[in-house]
Amino acid sequence: MNGEPDLLIGGTWRHAADRGTRDVINPANGTVAAVVDEATADDARDAVAAARAAFDDGAWRATAVTERAELLDRVADLLQRDKDDLARLETVDTGKTLAESHIDIDDVTSVFRYYSRLVGAEADRIVDVGDPAVISRVVREPIGVCVLIAPWNYPLLQMSWKIAPALAAGCTMVAKPSEVTPLSTIAFTHLLEEAGVPPSVVNLVQGSGAALGTALTDTDDVDFISFTGGLGTGRTISKVAAEHVTKVAVELGGKNPHIVFADADADSAIDHVLTGVFLHSGQVCSAGTRLIIEESIADDFVAELAGRAERIRIGDGMDPASETGPLVSEQHRAKIEEYVAQGVSEGAKLVTGGARPSDPALAAGSFYLPTIFDRCQRSMRIVQEETFGPILTVERFTTEAEAIALGNDTQYGLAAGVRTSDSARGERVVRALRHGTVWLNDFGYYTAAAEWGGFGKSGNGRELGPTGLTEYQEIKHIWHNTAPTPAGWFKG
Ligand code: NAD
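Residues numbered from 1 in each chain as written. Predicted model: local features only at pLDDT ≥ 70, side-chain atom pairs only at ≥ 80, totals over all residues. Heavy atoms only, no water.

Under the annotation held in an unreviewed UniProt entry, the chain carries the name Aldehyde dehydrogenase family protein and is attributed to Mycobacterium deserti. UniProt, in its Sequence similarities (unreviewed entry) section for the chain, records the words "Belongs to the aldehyde dehydrogenase family." (UniProt positions renumbered as here; feature names shortened; annotations may be inferred.)

### Some thoughts on the pairing of strand β17 (residues 415-419)
Most of β17 is tucked away, with five of its five residues classed as buried. As paired elements, β17 and strand β18 (residues 437-440) share four bridges and run parallel to each other. Across the sheet, residue Gly-417 finds its bridge partner in β18, namely Trp-439. Running through helix α14 (residues 423-432), the crossover from β17 to the neighbouring parallel element β18 is right-handed. (Buried < 20%, exposed > 50% of the residue type's maximum accessible area, 1.4 Å probe, protein only. Helix = DSSP H or I, 4+ residues; strand = E, 2+ residues; numbered from the N terminus. Pairing = 2+ DSSP bridges. Right-handed = clockwise from strand over helix to strand, strands pointing away.)

### Description of helix α8 (residues 231-243)
Relative to the 18 Å expected for 13 residues at 1.5 Å per residue, α8 spans 19 Å between its end C-alpha atoms, a close match to the ideal helical length. What α8 keeps buried is the set Leu-231, Gly-234, Ile-237 and Ala-241. In an axial view of α8, the angular spread of the buried residues amounts to 125°, which keeps them on one side of the axis. More than 90 degrees from the buried face of α8, the exposed residues found are Lys-239 and Glu-243. (Expected span 1.5 Å × (residues − 1). Arc of directions from axis to C-beta.)

### Observations regarding the environment of Thr-31
Following the sequence through the fold, Thr-31 ends up in the loop between β3 (21-25) and β4 (32-37). Separated by 333 residues in the primary sequence, Thr-31 and Ala-364 have C-alpha atoms spaced 8.7 Å apart. Once residues within four sequence positions are removed from consideration, Thr-31 is found in contact with Val-24, Ile-25 and Asn-26. Of note is the side chain of Thr-31, whose polar atom sits 2.6 Å from the side chain of Asn-29. (Contact = heavy atoms within 4.5 Å. Polar contact = N/O pair within 3.5 Å; in protein donor to acceptor, adjacent residues only side chain to side chain.)

### A few points about the pattern of salt bridges
Scanning the model with the defined rule gives 31 salt bridges in all. Ionic pairing is found between Asp-43 and Arg-14, a salt bridge with its closest N-O pair at 3.4 Å. Residue Asp-43 is located in helix α1 (residues 41-57), and its partner Arg-14 is located in strand β2 (residues 12-14); the two are separated by 29 residues in the primary sequence. Judged by relative accessible area, Asp-43 falls into the buried class, the value being 1%. In this structure, the salt-bridge partner of Arg-396 is Asp-299, at a minimum N-O distance of 2.9 Å. (Salt bridge = Lys/Arg side-chain N within 4 Å of Asp/Glu carboxyl O.)

### Some remarks on the environment of Asp-106
You can see Asp-106 is positioned in helix α4 (residues 98-120). Among the residues examined, Asp-106 registers a relative accessible area of 31% and is labelled partly exposed. As a C-alpha pair, Asp-106 and Leu-157 span 51 residues in sequence and 9.4 Å in three-dimensional space. Those residues in contact with Asp-106 that sit more than four places away from it in its chain are Gln-80 and Lys-83.

### Here we look at the packing of aromatic side chains
Summed over all chains, the structure comprises ten aromatic pairs. Each ring, one from Trp-439 and one from Trp-452, has its centre 6.4 Å from the other, and the planes form 45°; the classification is tilted. Of this pair, Trp-439 sits in strand β18 while Trp-452 sits in the loop between β18 and β19 (459-460), and the two are 13 residues apart along the sequence. Taken together, a centroid distance of 6.4 Å and an interplanar angle of 65° make the contact between Tyr-446 and Trp-452 edge-to-face. Taken together, the ring pairs in this structure connect Trp-161, Trp-439, Phe-443, Tyr-446 and Trp-452 into an aromatic cluster. Here Arg-61 stacks its cationic end above the ring of Phe-55, 4.6 Å away from the centre of that ring. (Phe/Tyr/Trp six-rings, centres within 6.5 Å; stacked < 30°, edge-to-face > 60°. Lys NZ or Arg CZ within 6 Å of the ring centre and 35° of its normal.)

Laid out in structure tokens, this is it:
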């Protein structure tokens, strides 16, 4: 960063082979926050080769589980020691508020603590095969070389969901953060070294997916690709990996319904709908971007919501007064503006927002006002496509069956919220929704101990929880005959 080498390949920090760099922009003011090395495809190939050699060498994967668990705990300690610095990098890079970034670093820490405990408690499974001479057991082994590709909205958090279980399992890896937001991952990789991760176990490259994607995915040297990002990229990676029969887990987008029944607690419903969609300016995969509301309360609810949305304090994430920050880049804001124009042309009713803020102090940043569209139809693009910005669409229902049908009417299936004071109905609706996480009378919360992932085109595979570790493991059945005798099948 800023002249220091940023690529960690084979245990050595180095610059890009062609000395290429990238300016990382602070979206709050358009200034260059840092200049980082931009890897070439050859650098990425070197990183994969280093991870392959380190895995095949066998030393890392043979480390005692307790040793790896202790390593993860040391990483957690260092994250807490450097929490303020890491949080500042995250805010400068993504635009999110410093308060959110602090929560992110605490969440990253909890992921390392969780996998430390989980892997330390793992045991082989003994299988009774009916022969006392045979010891039959099922063991878990590291899957091998992993390529870990992360998006820009939660840069370090998303990467931690991959690196922590990969290290716990005994894998080696190449991490590639988003080229838009690499800063916290670079700083964090230094912490991994300090914690004692052996050379070549974690390799780091940053650069665009277009430049590095082939080197990282179109190869027989990789055993598992864990990708979080957009649907289109997930499709591309899955196709390339299929040629090599490489295991892939893809965590993709969402178009998440937040269903509000008339009997829901009004104060918490309005508050959670507002937070669920406008936190981090809507750049959250599980953002509740589709309000699906019972007709009888819709007018008042939307009016109150619009008033609250207009009072959200937008500003530089470093300013403690800001409640939400900018969009991640000018390019991303242009995409949001296209969606808003699309919503207007499709006939949705613009209730509030739909513009950049007028405050001249925000003119240099990529800010956008919280935007609400009422009277939306399920056929509209703004209802079906992931806008990944501060846009809420409102659809209305009159029956429970209609609410469920609308909630499931999406190609995605990442997350959903349901609000009602009738717990029997709540349970019915929760079970009927085809989404990977469903909140009943709450929204947005998660824990490292519970699986995260999507139904439908929100992806496959799961992160976090016990499944988030098994993704990084192969399962081996060992049959040990302690008193061998001839099988006696062939008599000659
Ligand atoms: P993106 O797909 O554009 O990029 C994600 C990552 O993939 C980046 O590191 C990028 O450089 C890399 N990449 C791009 N093309 C590649 C290729 N051909 N080969 C290999 N790597 C390639 O996504 P984004 O814009 O960074 O992130 C936003 C998306 O991420 C949204 O759709 C959001 O919903 C999704 N997301 C999902 C989750 C989840 O848990 N399901 C979490 C966070 C974000």
